[in-house]
Amino acid sequence: MARRNLRKGMTMIGPTPGLRVKQLEVRTRKDSGRNRSRLVEVAIKQSNVTSPMRSSPLSTPSKHSRSPSKQHFWSVDDETNVADMAQPPIDPIRLPCTMNDYIREWLRHKEDLLRILLEMEAAPSPRNCTKCGKDGVYRCMDCMHQPLFCPDCCRILHEAHPFHRIQQWTGEFFEDSALHMTGFQLYLGHNGAPCPSASPGPEHGPSEGQRYKMDTRAGGMGMVEEEWEDIDEVPLHLRPPANSKYLTIIDVTGVHFVRVQPCQCLDADSYHRQLFQAKLCASTFEKPSTAFTFAVLDDFLRENLECGTSGMNYYSKLRRVTSNVFPHLVPNRYRELLRLAQQWRVLKLLKWNAFQDETERSSLGDLALFCVACPQPGINVDPDVDLHDWKYTRTVVMDGNFKVEHMHEKRPDDQVWLMDGRGFMVAHPPYQEYLQATPHITEKSACHNHRAISQANVSCGKLSATGIDATACARHGCFYPHSVVDFQKGERQLNMDYSLSNALGYNMTGIKNVLCFYDINCSYMKNLHKRVDNSPFLHIPSSLQIVPGIGIWHVHGHKQECYARYAPLFLRGSGWVDGEIIKTLWSILNIVSASTRSMSSPHHQELLDFQMNDSNFMKMIHIVDSLSRKLKAARASVAMARDAFTKLDEAVSSENRQAWSIQEESALGGRVRDVSVMDIFEMQLKKAPTVCAVELELLEAPSQRGTRQGAVSWITRGLGIEESEITLAITQKDSSKYPSETKRLAMAWRADRLAVDRSRFIADGQIYLAPLHQGTDADDYSAGMTDVAHHMSAVDDVVSGEEDSEGSMDEAADAVPLKMTKIAPLPLPSNFGIERCRAAGADELVEMELKLRIGQANDALHGLQIALADKAVAFRGVVRKATSYSMRTRAWQMVNSIDISVRQQATIYKRCREAMIALGADTDTLTRFQQLQKSHMAVHTAAFSQNAHDHRSSNLPWFWCMDIPRTTSSKNWLTEFYRIHWLRAKAVKDRWEEEEDLLMSEFHWTMNFFKFRAKKWNTKCLSFKAAGLHGATCYAARQKAVYDRLAEQGASKWLNMSPEILPLNQ
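Keep in mind the model is a prediction, meaning the values are calculated, not measured.

Enquirer: What is the right way to read the overall build of the protein chain from this model?
Expert: A tally of helices and strands in the protein chain yields 31 helices and 22 strands. When the 1066 residues of the protein chain are sorted by exposure, 46% land in the buried category. By sequence separation, contacts in the protein chain at least 24 residues apart represent 73% of the contacts at least 6 residues apart. Entry remark: accessible area of the protein chain is about 56,500 Å², with carbon and sulfur atoms responsible for 52%.

Written out as structure tokens, the structure is:
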């Protein structure tokens, strides 16, 4: 039907002048709900038409349309007659160009662009100054159109641009030059004019008979005198002014040698202050010889933030900008750059936070910016509201980063701290005091051996810090101020305690509830309050209720019970979070981690503080767009979650609904006291014993008289050999008729190993079954048992069920089986038969093998469940979504691979059941372990879905409910599955409803934060104005305008949201 609708109103066209063919992918939806994709070629208007010819619309398609799914179409009205179709009015489709289209267009202009680029190397004719018309000698590379100047015009016009790069005409080409060669001087004070009080002094310089070269050693200054015959030629623009004082100035345009004339008035400021007022940062205060422009410091900080450019690489770039051919002749000012950049960061933070001077009392974390959308009483939340409400719950996430290392310092006692503890890193002296006073207690995890715990005992080697730990808000990913600590020997609990304690003390007045995410919270939170109470350095209010959680990525690496106890899905008040957002923040710090590794401790701390502050700033300016985008997604998800839960809830009786609701409320309310109450969200089933459990039970049981030691292990070996033989036989059968040599060698190797194991097993059997072996050969102890090939043939007839809606496995390529070799039975009691075993007095061995066979059958059925579940997932997520032939081929290959596992487990189970019969198993055992049927292997994907409401009346095979206790009061074995699905579907619905409410509240809290900051800057503006600080007044007014604009944009975003997404009255 969809195919006919697509062809209706479409006509095939042939090659038409002025048009080119473009392939489009057209997706249609069939009545069954499945999507179908096909390629369609359309005509696109093309420029430079050379021929007015028009081909017939019924002409042969182009060479691109050889398959039925690729045809040229154009839209026409349904009533268009054949006569009008002779020359159809084609309306070309204009499509956006791809990157390759732009590159192809560039190729047509490549030669012309190269010619223009080469012409720019020559001087214009006539070579006159663009300002006065005199002989033009210099041209500026940074001015627009590269104008040509005479020396006087070049000097005068660049008084406002002292760091432009110029070139000088040599008669044959333009050579790099410098402005000081035109006589340019930089005047300080008097708005760039010469100081009227300055008196020309004698110039002291080298004599004419000497030549000079630059001192390129680290930190080298000035000139080095050399003999004429020993000196290499130095480019003109790398030679400082001769016989005069100059200043080496580093700008984004390179390194410049500039004659500087300071103001010499009586009331003039000091030299370094005059430089700073001219936006030049001197490297020293006494007789400075080097200065950096504000522009280059800002550019370095920006490149360090965005690109992770180190100081060495950045200054190397500046040397290349100065001279691409001779960068080694440019003075090295790398150390000065690092020192001034460190100072510049601190000045920027003080300015951004309105610390006009240091007379104001500083506090911990006062130079850091925190999350604007988290509830902060007194800032964006009215402190008089009921803060016990779940919406005012703080969500924090902790994690360690082992990329941010720090090496031991050469002079640790000689350090200068510029902002210790005022950013995100904790204050150094109190933290060191805490580490010395707090012993590290090695703890073993009750859960799996996690990396965070194992690394806590790793030696640090040559590192003073093996990494850092940070605490951030779990919903928006903003670092907490004064909460980032260093690791000394890995991720220890004492480090995490200090970080969490400081984070929970930041703007938390009145907050009563906290959700804390950490990768190993199942172990970390057990003794947290005990450790806090025993330490005078830690403080967490006793009234603060902390609910532990584990991020969704890490919780699956824990024990099974940790999922229901700590997963975000079951944390009331968390909304829809994953608890892993801090992982995304490490990439921001990792880009500078390499450059901070060998820095001093203060510089290391300040650079990380600046990086984290910028991360929070970027979160702040994008928070409105982020919240609005999340709110739209939450509205759609809430509707879907409610619909899914409603459909599932309709299949539940009122008694079960009431009982499950009481269970849920009781668990969520009591999880703080005992987290094990959350286990109601997991299956309450009793696991059947495995073969390992049975073997352990038999080995630990006291041996009876007449039983030889090692019989249990010997029988277990025999069961393992049987399983290996079955696996190898199925692998041989599923191999192609002509497998590769490598595959044949692997199978031959496995067969040889099995033959050795079989021989050893038979030899050991003479010890335990000596009476049975007397006068018996291998053919006599079959006891009616069939060989492996027979089991496989029977299982192949069983393993053919398939989900009706998915098609048959016959669609996949059938493998040609190899010829199977008959495998003789092993000398086990089941192969001799119960009668002969009893006659030989081997009743104890019969009982042992029967118990082990039951455990082996349980393992096989469990493996069969997993294989069928994987098959359902493959159908649901791979086969159904395959849109091409190659994708469907790979999908069916995956299904075939899973089918091999199904056949292996089914064959092992069939062998176990026949052994149980031979060993005289009772009726209850054989009733419990039924015979596999063809219908049992059918795959129904909805049965494995969380909301399987469409299959509530279907019955899964018997082995899916083997572990349900026999004392259950449920009439339908699906009750336990529906209970879990109902609880989890309700949790999904509740979390999405919380997410919607939280996002709307966070939108208002964000607006309140912007208004609070605007009001704060307005207060600062008034106080600065009263104090006569005009510059600080203007800056405060500008900052107030910034936050006012952010608040206006947020309010506009709120009002302009679609009514279908957000009601306007909210």
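From this point on, the discussion continues.
Enquirer: Would you mind showing me how to read the packing of aromatic side chains here?
Expert: By convention here, two paired aromatic rings are described through the distance between centres and the angle between planes. Counted according to the given criterion, the structure contains 28 aromatic pairs. Considering the side-chain rings of Tyr 431 and Tyr 498, the 5.1 Å spacing of their centres and the 45° angle between planes classify their relative orientation as tilted. Separated by 67 residues along the polypeptide, Tyr 431 in helix α9 (residues 428-437) and Tyr 498 in helix α11 (residues 493-503) bring together distant segments of the chain. Pair check on accessibility: Tyr 431 and Tyr 498 agree, each one buried. Through a chain of ring-to-ring contacts, the aromatic side chains of Tyr 431, Tyr 434, Tyr 498 and Phe 537 assemble into a single cluster. Between the NZ or CZ atom of Arg 139 and the centre of the ring of Phe 174, over which it lies, the distance is 4.1 Å. In this structure, Arg 531 packs its charged tip against the face of Tyr 524, placed 5.0 Å from the ring centre.

Enquirer: What exactly am I supposed to notice about the environment of Val 592 here?
Expert: With respect to the secondary-structure elements, Val 592 resides in helix α16 (residues 581-596). Overall, the relative accessible area of 0% leaves Val 592 in the buried class. In the structure, Val 592 is positioned 284 residues away from Gly 308 in sequence and 5.2 Å away in space, judged by C-alpha atoms. Every residue in contact with Val 592, bar those within four places of it in the chain, is listed here: Asn 304, Gly 308, Leu 608 and Gln 611.

Enquirer: It is not clear to me how the sheet that holds strand β14 (residues 280-282) should be interpreted in this structure. Could you clarify?
Expert: Where strands meet in a sheet, backbone hydrogen bonds hold them as pairs that are either parallel or antiparallel. A sheet is described by the order of its strands in space; here five strands give the open sequence β9-β13-β12-β15-β14, paired in mixed fashion. Of all strands in the sheet, those bounded by a partner on one side alone are β9 (185-187) and β14. Looking at each pair of strands side by side, their axes are set apart by 40° on average, direction ignored. Of the strands in this sheet, β12 (247-251), β14 and β15 (290-293) touch helix α6 (residues 294-306), which is tilted by about 65° from β15.

Enquirer: Would you take a moment to explain helix α30 (residues 975-1026) for this structure?
Expert: The α-helix winds at 3.6 residues per turn, so residues separated by three or four positions along the chain end up facing the same way. Taking 1.5 Å of rise per residue, the 52 residues of α30 would be expected to cover 76 Å, and the 75 Å separating its terminal C-alpha atoms lies within 8% of that figure. A large share of α30 lies buried, amounting to 37 of its 52 residues.

Enquirer: Just to check I follow, could you spell out a nonpolar patch on the surface for this structure?
Expert: A cluster of nonpolar residues, Ile 103, Trp 106, Leu 107, Leu 113, Leu 114, Ile 116, Leu 117, Leu 118 and Met 120, forms a patch on the protein surface that exposes about 860 Å² of accessible area. Among the elements of the structure, α2 (99-107) and α3 (110-119) are those that each provide at least two residues to the nonpolar patch. Of the residues forming the nonpolar patch, the biggest block, five residues, is contributed by α3. The topology assignment puts Leu 107 in helix α2.

Enquirer: Looking at this structure, how should I read the sheet that holds strand β7 (residues 166-169)?
Expert: Strand order in the open sheet formed by four strands is β6-β5-β7-β8, with antiparallel pairing between adjacent strands. Since the sheet does not close on itself, it has two edges, and those belong to β6 (148-149) and β8 (174-177), each with one partner.

Enquirer: Even after reading the chapter, I still don't get the environment of Asp 399, so can you show me in this structure?
Expert: Looking at the element boundaries, Asp 399 is found in strand β16 (residues 394-401). Owing to a relative accessible area of 2%, Asp 399 belongs among the buried residues under this scheme. Sequence separation of Asp 399 and Tyr 518 is 119 residues, and the distance between their C-alpha atoms is 6.4 Å. Here Lys 583 takes part through its side chain, which lies 2.7 Å from a polar atom of the side chain of Asp 399.

Each value, and the rule that gives it
- Residues numbered from 1 in each chain as written.
- Predicted model: local features only at pLDDT ≥ 70, side-chain atom pairs only at ≥ 80, totals over all residues.
- Heavy atoms only, no water.
- Helix = DSSP H or I, 4+ residues; strand = E, 2+ residues; numbered from the N terminus.
- Buried < 20%, exposed > 50% of the residue type's maximum accessible area, 1.4 Å probe, protein only.
- Contact = heavy atoms within 4.5 Å.
- Areas by Shrake-Rupley, 256 points an atom, 1.4 Å probe, with all protein chains shown as cover.
- Phe/Tyr/Trp six-rings, centres within 6.5 Å; stacked < 30°, edge-to-face > 60°.
- Lys NZ or Arg CZ within 6 Å of the ring centre and 35° of its normal.
- Pairing = 2+ DSSP bridges.
- Axes fitted to C-alpha atoms, helices over the stretch in contact; angles between N-to-C directions.
- Expected span 1.5 Å × (residues − 1).
- Patch = residues over 30% accessible without salt bridge, like charges linked within 9 Å, V, L, I, M, F, W, Y side chains within 5 Å.
- Salt bridge = Lys/Arg side-chain N within 4 Å of Asp/Glu carboxyl O.
- Polar contact = N/O pair within 3.5 Å; in protein donor to acceptor, adjacent residues only side chain to side chain.

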